[in-house]
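A closer look at the structure
Single-letter residue listing:
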Amino acid sequence: MLRDTIFAQATAPGRAGLAVIRISGPDARCAAEALSGRLPSHGRSVRTLRDRDGEILDEALVLTFAEGRSSTGEIVAELHLHGSTAVVSAVLRVLAEDSRLRMADPGEFTRRALENGRLDLAQVEGLADLIDAETEAQRRQALRVFSGKLKDLADGWRGSLLRAMALIEATIDFADEEVPADVSDEVSALIIEVRQEMWKESAGVAVAERIRDGFEVAIIGRPNVGKSSLLNILAGREAAITSEMAGTTRDVIEVRLDLEGLPVTLLDTAGLREAEDALENIGIAKGRTRAKMADLRVYIAEPGEDTEVDLEPEDIVVQGKADLLPPGTPGLSARTGAGIDQLVDRIGRVLRGRAAAAGTAMRARHRMALDRAIGGLDRAMAAMVDGSDSADIVAEELRGAVRAVDMMVGRIDVEDVLGEIFASFCVGK
Ligand code: GDP
């Protein structure tokens, strides 16, 4: 395919130690050479970059990659510049004047990597998440997908299903002759094994989504027990307004934080009580719903309050304002800081337990493909029970399941999902 050559700044704009400009496409090396003089077809060189009038722009490290040996699969030149805005814009201006080049669209480098088979679709998604990763858990999860784990899984399933299909098709082809042996045992064993693994991955998507988007932890309790004060301490900043008056937290306040490597959104919900004020009641109702939907609730009890509250099994109940209680009473105090570390520890333990259920599939799109494949396998199993007359149906269902797996890693139907995925990329990626 004849391609144009694109360029963009790959690093974030602004002042930095280094800035990298990438050029990819058939004219990438020639375009870089216009700035730097001769370059090897594959290698690194330190060069003085000059504009057309010979004026020095920067002293740069220039990396060149031969076709088929770069991240996009095309000829690539990378200019590692000093990260000043002036240097970068001067070099970008010179590149923009080169009629062989054009500015890259968002995600276009990655798109080319995908189209040239350097990355599969799941890896592209993993890369998008890796760039967005803010916490350890997010980084690890994204890297798992980016390194091709999902494709490895898909390849394994594909192989097993193709083998099952071949066995079934053999019974169709030899229908009039003597069938070699009864294949149904081996076929069902293959299907059951694949189905089990797919089911586990599908179930893990919800958790993986949480790792990507954050676990929600709602802080609940009666008004004035110190919910906002706790949130402020956990967030390390004055995010929620605290006041002596009951009912000041009208709406749900959200604070995102990195809790022991897991992304967590803390919700400060309006106090649990019947208010006279209609507006306040709306706030309370909203808070209740959000708290119910959250992944975990931390109930703060007032001194002397009965802590028997109706919660989910893993939810946490703590005694608040422990500084007002006799010394030695377990609980937590926003005033003295007592019990805060233990609470963070407990929340971390519960969420880590949940995060362990995450597999490699991490998007709703993956789950849909998996569920479609599982549906096909279930129908194939049901048809198997009917014996050899149903071989055609079994083979067809298996083919459908393979198609769903292929769709998950983007072997087919790529165009539909591309737009959506690339919309989240920045220019230069
Ligand atoms: P919320 O309505 O549950 O969000 O409660 P706030 O965080 O707004 O706190 C209500 C009042 O209790 C404020 O005056 C806080 O200063 C006070 N308070 C919060 N936490 C503690 C604590 O641990 N000990 C004591 N003694 N007072 C606290």
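The coordinates are above.
Residues numbered from 1 in each chain as written. Predicted model: local features only at pLDDT ≥ 70, side-chain atom pairs only at ≥ 80, totals over all residues. Heavy atoms only, no water.

Some details on helix 10 (residues 340-355)
Over its 16 residues, helix 10 extends 22 Å from the first C-alpha to the last, a length consistent with the 22 Å expected when each residue adds 1.5 Å. Considered for burial, the residues of helix 10 that qualify are Ile340, Leu343, Val344, Ile347, Gly348, Val350, Leu351 and Ala355. The buried residues of helix 10 occupy one face: seen down the axis, they fall within an arc of 165°. Across helix 10 from its buried face, at more than 90 degrees, point the exposed residues Asp341, Gln342 and Arg349. (Helix = DSSP H or I, 4+ residues; strand = E, 2+ residues; numbered from the N terminus. Expected span 1.5 Å × (residues − 1). Buried < 20%, exposed > 50% of the residue type's maximum accessible area, 1.4 Å probe, protein only. Arc of directions from axis to C-beta.)

Some thoughts on the packing of helix 8 (residues 227-235) against helix 10
At a minimum axis distance of 12 Å, the contact between helix 8 and helix 10 shows a crossing angle of 80°. Looking at the two axes, helix 8 sits roughly perpendicular to helix 10. Two secondary-structure elements touch here, helix 8 through Leu230, Ile233 and Leu234 and helix 10 through Ile340, Leu343 and Val344. Here the contact of helix 8 with helix 10 is composed, by residue class, of 6 nonpolar, no polar and no charged. (Axes fitted to C-alpha atoms, helices over the stretch in contact; angles between N-to-C directions. Parallel < 35°, antiparallel > 145°, perpendicular 65-115°, else oblique. Contact = heavy atoms within 4.5 Å. Nonpolar A, V, L, I, M, F, W, Y, C, P; charged D, E, K, R; others polar.)

Overview of the pairing of strand 3 (residues 43-50)
Looking down a regular strand, the side chains alternate between one sheet face and the other. Pairing of strand 3 with strand 4 (residues 56-65) involves 8 bridges; the strand directions are antiparallel. Residue pairing in the sheet places Gly43 in a bridge with Thr64 of strand 4. The turn linking strand 3 back onto strand 4 is made up of 5 residues, and Gly54 within it adopts a positive phi angle of 90°. (Pairing = 2+ DSSP bridges.)

Quick notes on the sheet that holds strand 5 (residues 76-82)
A sheet is described by the order of its strands in space; here 6 strands give the open sequence 3-4-5-2-1-6, paired in mixed fashion. Two strands lie at the open edges of the sheet, namely strand 3 and strand 6 (101-103), each paired on one side alone. Between one strand axis and the next, the sheet turns by 25° as a mean value, whatever way the strands run. For strand 2 (residues 18-24) and strand 5, the ladder comprises 7 bridges, and the chain directions are antiparallel. Residue pairing for strand 5: Arg22 is matched across the bridge by Glu78. Each of strand 1 (5-9), strand 2, strand 3, strand 4, strand 5 and strand 6 is contacted by helix 1 (residues 28-36), which is oriented at about 50° to strand 3, the strand it contacts most. Its contacts with the sheet place helix 2 (residues 85-97) against strand 1, strand 2, strand 3, strand 4, strand 5 and strand 6, and it is angled at close to 150° to strand 5.

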